[in-house]
Amino acid sequence: ATEEGDATFYLMADGGSNRNFWTDKLGGLNESTHKFMVHLGSATRVIDYCDSIAYYRTESSLSVSPVPVYSIPGNNDWAECANPTSAWQYYESHMMGLDIK
């Protein structure tokens, strides 16, 4: 049971280019009180040009989460990429399914 004021889920955004930062932050989540996390987009940065490695870095960072992660794509994740079709494939490959990993 949770107490009033306890958080049962978390929201976050932006990419995981700094794995140590995200490992530290996500390591503080507790499976018994935190049920899931929602990533609100920007898995890639504008300077990454929607390269596949950017999605991989964010996937790698978020994969340390002890709770399921659900990802919602942001504008930098595919819509504003030079090749939206490829970017969407990278997003699907790396960011969807984090809730079951």
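Above this text sits the structure in question.
All figures in this text were calculated on a predicted structure; none of them were measured in a lab. (Residues numbered from 1 in each chain as written. Predicted model: local features only at pLDDT ≥ 70, side-chain atom pairs only at ≥ 80, totals over all residues. Heavy atoms only, no water.)

Draft legend 1. Structural context of the side chain of Ser65. Locating Ser65 in the fold gives a position in the loop between helix H2 (52–62) and strand S3 (69–71). Among the polar contacts listed, one links the side chain of Ser65 to the backbone oxygen of Val67, at a separation of 2.8 Å. The residues touching Ser65, leaving out its near neighbours within four places in the chain, are Leu26 and Leu29. (Helix = DSSP H or I, 4+ residues; strand = E, 2+ residues; numbered from the N terminus. Polar contact = N/O pair within 3.5 Å; in protein donor to acceptor, adjacent residues only side chain to side chain. Contact = heavy atoms within 4.5 Å.)

Draft legend 2. Broad picture of the sheet that holds strand S2 (residues 36–39). With parallel pairing, the three strands of this open sheet are ordered in space as S1-S2-S3. Edge positions in the sheet fall to strand S1 (9–12) and S3, since each has one partner strand and no second. Averaged over all adjacent pairs, the angle separating strand axes in this sheet is 20°, with direction ignored. Direction of pairing for S2 relative to S3: parallel, over a ladder of three bridges. Counted as the bridge partner of Met37 is Val69 from S3. (Pairing = 2+ DSSP bridges. Axes fitted to C-alpha atoms, helices over the stretch in contact; angles between N-to-C directions.)

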